[in-house]
Every structure is written in C-alpha cells, then in structure tokens.
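# Observations on the three-dimensional arrangement
Chain by chain, the residues:
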Amino acid sequence: QVQLVESGGGLVQPGGSLRLSCAASGDIFSSNTMGWYRQAPGKERELVAKITSGGSTNYEDAVKGRFTISRDNANNTVYLQMNSLKPEDTAVYYCNWRRESRGGFMEYWGKGTLVTVSS
C-alpha cells in the first residue's frame, strides 16, 4: 500500500500563490502517475493536473498557464505550484497515486488540504 500526505494549503488573496506538496511512502513502484484533484462544496471531485514518472503532464483547462505540476522521484514527492489564484480555485485539494498493470491497477488518495482564495 501507499500512504500520501499533503501539505501547503491555506488562505490566500486573489492573485496570490501557494505551493502544495504531497509526500508518498510505502510500496512505491518506479512506474506510476501522481496527480492533484480538487473538490469544491457541493461539486464533484475533478482532475487538476497529473504527471507520469517520465514527466508527461496534463492539466485541466481552467488552470492551464497558472498551475504547474512537478515531481521529485528521489524523494517520492509531487508538487503543485499555484499562481494567479482565483476565488473559483477554492476547494479541498487531494493527492492521487496510480499504477497501471496487466489485469488491473492500484490507486491511493491523500486526506486532502484546503485552499481558500478570498480577500
């Protein structure tokens, strides 16, 4: 199993920045995908960004040009740099770890960290 611990959330003014971190531990395989999802009150959890072990990235259209996902494989950590934050970005942000394999997959989630964008 894999354990994921997020950090870096908090209160920030519109236009400000935050950097989220997710540290993974446990049975971590070299080939995997890590990502960030978010869920606002009354809404479904949605993908924000993801990154493969090889460095390939994907972003939600609403955050393109503002957010950057990166990872440090040596320390089993993934980051989300969030710039030009908007009130619409307010949500609980969750770290995700996923590994595809023949016959199925494995997936784990962090507990989440709250990001509030308000003046």
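What comes next is a walk through the structure. Along each chain, residues carry numbers from 1 onward, in the same order as the chain's sequence is written. Local features in this predicted model are restricted to residues of pLDDT 70 or higher, and side-chain atom pairs are both shown and tallied only at a pLDDT of 80 or more, whereas totals for entire chains, interfaces and linings draw on every residue. In computing side-chain properties, one takes all heavy atoms of the structure into account and sets aside hydrogens as well as water.

## Description of the packing of aromatic side chains
Stated precisely, the cut-off is as follows: Here is the rule: rings of Phe, Tyr and Trp (six-membered ring for Trp) pair when centre to centre is within 6.5 Å. Planes less than 30 degrees apart are stacked, more than 60 are edge-to-face, and the remainder are tilted. The way it works is that DSSP assigns letters per residue, a run of H or I at least four long becomes a helix, a run of E at least two long becomes a strand, and they are numbered from the N terminus. Two thresholds decide whether a charge sits over a ring: the Lys NZ or Arg CZ must be within 6 Å of the ring centre and within 35 degrees of the ring normal.
Per the stated rule, a full pass over the model turns up two aromatic pairs. Where Tyr37 meets Trp109, the ring centres are 5.0 Å apart and the plane angle is 65°; that geometry is what we call edge-to-face. Here Tyr37, found in strand β4 (residues 33-39), pairs with Trp109, found in strand β10 (residues 104-109); they are 72 residues apart in sequence, far enough to count as distant. Ring centres of Trp97 and Tyr108 lie 5.9 Å apart, and the angle between their planes is 50°; this geometry places the pair in the tilted category. Placement of the pair is Trp97 in strand β9 (residues 91-101) and Tyr108 in strand β10, with a sequence separation of eleven residues. When the ring centre of Tyr79 is taken as reference, the NZ or CZ atom of Arg19 above it lies at 4.1 Å. Positioned above the aromatic ring of Phe105, the side-chain terminus of Arg98 is 3.9 Å from the ring centre.

## Describing the environment of Gly65
Mapped onto the secondary structure, Gly65 falls in the loop between β6 (57-59) and β7 (67-72). Along the sequence, Gly65 and Ser84 sit 19 residues apart, while their C-alpha atoms lie 9.3 Å from each other.

## A look at the sheet that holds β7
Think of a sheet as strands paired side by side through backbone hydrogen bonds, with each pair either parallel or antiparallel. Formally: For two strands to pair, DSSP has to find at least two bridges joining them. Lines fitted to C-alpha atoms define the axes, with helix axes restricted to the stretch in contact, and inter-axis angles between N-to-C directions lie between 0 and 180 degrees.
Spatially, β1-β3-β8-β7 is the arrangement adopted by the four strands of the open sheet, whose pairing is antiparallel. The open sheet has two edge strands, β1 (2-7) and β7, and neither has a second partner. For this sheet, the mean inter-axis angle between neighbouring strands, taken without regard to orientation, is 15°. Where β7 meets strand β8 (residues 77-82), six bridges bridge the pair, whose relative direction is antiparallel. Considered in β8, the bridge of Arg71 is made with Val78.

## Quick look at the layout of surface pockets
The following threshold applies: Method remark: on a 1 Å grid restricted to protein atoms, a set of points is classed as a cavity if a 1.4 Å probe fits but cannot get out and as a pocket if it is open with protein on both sides within 12 Å along at least five of seven lines; lining residues have an atom within 4 Å of a point. Grid points are joined across faces, edges and corners, and a volume is the space filled by probe spheres set on the points. Three classes are used, and their members are as follows: Ala, Val, Leu, Ile, Met, Phe, Trp, Tyr, Cys and Pro are nonpolar, Asp, Glu, Lys and Arg are charged, and the others, Gly among them, are polar.
Put simply, the largest pocket is a space of about 150 Å³. Lining the largest pocket are Arg38, Gln39, Ala40, Lys43, Glu44, Glu46, Glu60, Glu88, Thr90 and Ala91. Residues that form the lining of the largest pocket fall into these classes: two nonpolar, two polar and six charged.

## Topic: the side chain of Arg71
The cut-off we apply is this: Only protein chains enter the calculation, and the probe is 1.4 Å; a residue is then buried if its accessible area is under 20% of its type maximum, exposed if over 50%, and partly exposed in between. Residues scored as charged are limited to Lys and Arg (positive) and Asp and Glu (negative), so that His and the chain ends carry no count. What counts as a salt bridge is simple: a side-chain nitrogen of Lys or Arg found within 4 Å of a carboxyl oxygen of Asp or Glu. Distance and chemistry together define a polar contact, namely a pair of N or O atoms within 3.5 Å, with one atom able to donate a hydrogen and the other to accept it when in protein, and with adjacent residues in sequence counting only for side-chain atoms on both sides. Any pair of residues with heavy atoms lying within 4.5 Å of one another is described as a contacting pair.
Relative to the helices and strands, Arg71 is located in strand β7. Buried charged residue Arg71 carries no salt bridge. Nearest counter-charge: Asp72, at 8.3 Å. Engagement of the side chain of Arg71 in a polar contact is seen with the side chain of Asn32, the distance being 2.7 Å. At a separation of 2.7 Å, a polar atom in the side chain of Arg71 contacts the side chain of Asn73. Leaving out residues up to four positions away in the same chain, Arg71 has contacts with Asn32, Thr33, Met34, Ile51, Thr52, Ser53, Thr77 and Val78.

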